[in-house]
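Residue-level structural notes
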Amino acid sequence: MTMSETQFHVLAVDDSIIDRKLIEKLLIKTSYQVTVVESAVKALEFLGLLDDDQNTENNQKVEVNMIITDYSMPAITGYDLLRKIKESRLFKDIPVVIMSSENVPSRINSCFEHGAEEFFLKPVQQSDVNKLRPHLIKRKRDQEECLSTQRRTRTRFNDLELVQ
């Protein structure tokens, strides 16, 4: 399977059932595997990040390639979710996209400053979803390069042990 054929897994977070259904439909139409949850708390549970204890991170070993979240939600906002993800040892490199029906420049800038890849105004359109794939492909390519470097380093180390 080539990178362009890879099915990426997106975690979509929105407290509005209408917006959740819309983003799910758009993502599935673009060949993404989608998990939808109705709150940032549920997203943190799904990722294994609900507890502050870093040892409980990702107990489920979920493979999520991107998170797309609403900004304004009760209890924990999408902005707070973004910050928790970027502070996480295991998930900090996962692209996070923020959605909002409010066009507030200071809010948008804060999201970008804290690591958001994109900021979409609602209602999300197919053209917005089409902007996601390059972020996913770049991350996958970076991961593959990192693994390749680790393998080469391990091989060199093993070769050194044999010489001694």
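Note: the structure precedes this text.
Residues numbered from 1 in each chain as written. Predicted model: local features only at pLDDT ≥ 70, side-chain atom pairs only at ≥ 80, totals over all residues. Heavy atoms only, no water.

On to empty space enclosed by the protein, then. With the rule as written, the count across this model stands at one cavity of 30 Å³ or more. A volume near 30 Å³ is recorded for the largest cavity. Asp-19, Leu-22, Ile-23, Met-99, Lys-122, Pro-123 and Val-124 are the residues that line the largest cavity. No other element matches helix 1 (residues 17-29), which puts three residues into the lining of the largest cavity. (1 Å grid on protein atoms, 1.4 Å probe; cavity = no way out; pocket = protein on both sides within 12 Å on 5 of 7 lines; lining within 4 Å. Points joined across faces, edges and corners; volume = space filled by probe spheres on them. Helix = DSSP H or I, 4+ residues; strand = E, 2+ residues; numbered from the N terminus.)

Let's shift gears to helix 2 (residues 40-47). Along helix 2, the residues classified as buried are Ala-40, Ala-43, Leu-44, Phe-46 and Leu-47. Projected down its long axis, helix 2 shows its buried positions confined to an angular sector of 160 degrees, all on one face. Positive phi shows up at Gly-48, right after helix 2, with a value of about 80 degrees. (Buried < 20%, exposed > 50% of the residue type's maximum accessible area, 1.4 Å probe, protein only. Arc of directions from axis to C-beta.)

Further remarks concern the side chain of Arg-20. Position of Arg-20 relative to the elements: it lies in helix 1. Salt bridges are absent for the buried Arg-20, whose nearest opposite-charge side chain, Glu-38, sits at 5.2 Å. Here the side chain of Arg-20 touches Asp-15 through a polar contact of 3.5 Å, landing on its backbone oxygen. Aside from chain neighbours lying at most four places away, what touches Arg-20 is Asp-14, Asp-15, Val-36, Val-37 and Glu-38. (Lys, Arg positive; Asp, Glu negative; His and termini not counted. Salt bridge = Lys/Arg side-chain N within 4 Å of Asp/Glu carboxyl O. Polar contact = N/O pair within 3.5 Å; in protein donor to acceptor, adjacent residues only side chain to side chain. Contact = heavy atoms within 4.5 Å.)

Here the focus is the pairing of strand 3 (residues 66-70). In terms of burial, strand 3 is largely enclosed, as five of its five residues are buried. Burial of the side chains of strand 3 extends over both faces: Met-66, Ile-68 and Asp-70 are buried on one face and Ile-67 and Thr-69 on the other. Relative to strand 4 (residues 96-100), strand 3 runs parallel, the two being bridged by four bridges. Its bridge partner being in strand 4, Ile-67 is matched across the sheet by Val-96. Crossover strand 3 to strand 4 through helix 3 (residues 78-87) is right-handed. (Pairing = 2+ DSSP bridges. Right-handed = clockwise from strand over helix to strand, strands pointing away.)

This part is about the sheet that holds strand 4. Taken in spatial order, the five strands line up as 2-1-3-4-5 in an open sheet, and their pairing is parallel. The open sheet has two free edges, formed respectively by strand 2 (33-37) and strand 5 (118-121), since each of these has just one partner strand. Strand-to-strand twist in this sheet, taken as the mean axis angle between neighbours without regard to direction, amounts to 20 degrees. Taken together, the five bridges between strand 1 (residues 9-13) and strand 2 define a ladder with parallel strand orientation. (Axes fitted to C-alpha atoms, helices over the stretch in contact; angles between N-to-C directions.)

Here we take up helix 1. With 13 residues, helix 1 should cover 18 Å at 1.5 Å per step; its first-to-last C-alpha distance of 18 Å lies within 8% of that length. Those residues of helix 1 not exposed but buried are Arg-20, Ile-23, Leu-26 and Leu-27. Taken end-on, helix 1 shows its buried residues confined to a sector of 135 degrees, consistent with a single buried face. Exposed residues lying more than 90 degrees from the buried face of helix 1 are Ile-17, Ile-18, Lys-21, Lys-25 and Lys-29. Considering only its buried residues, helix 1 is in contact with strand 1, strand 2, strand 3, strand 4 and helix 5 (126-129). Positive phi shows up at Ser-31, right after helix 1, with a value of about 70 degrees. (Expected span 1.5 Å × (residues − 1).)

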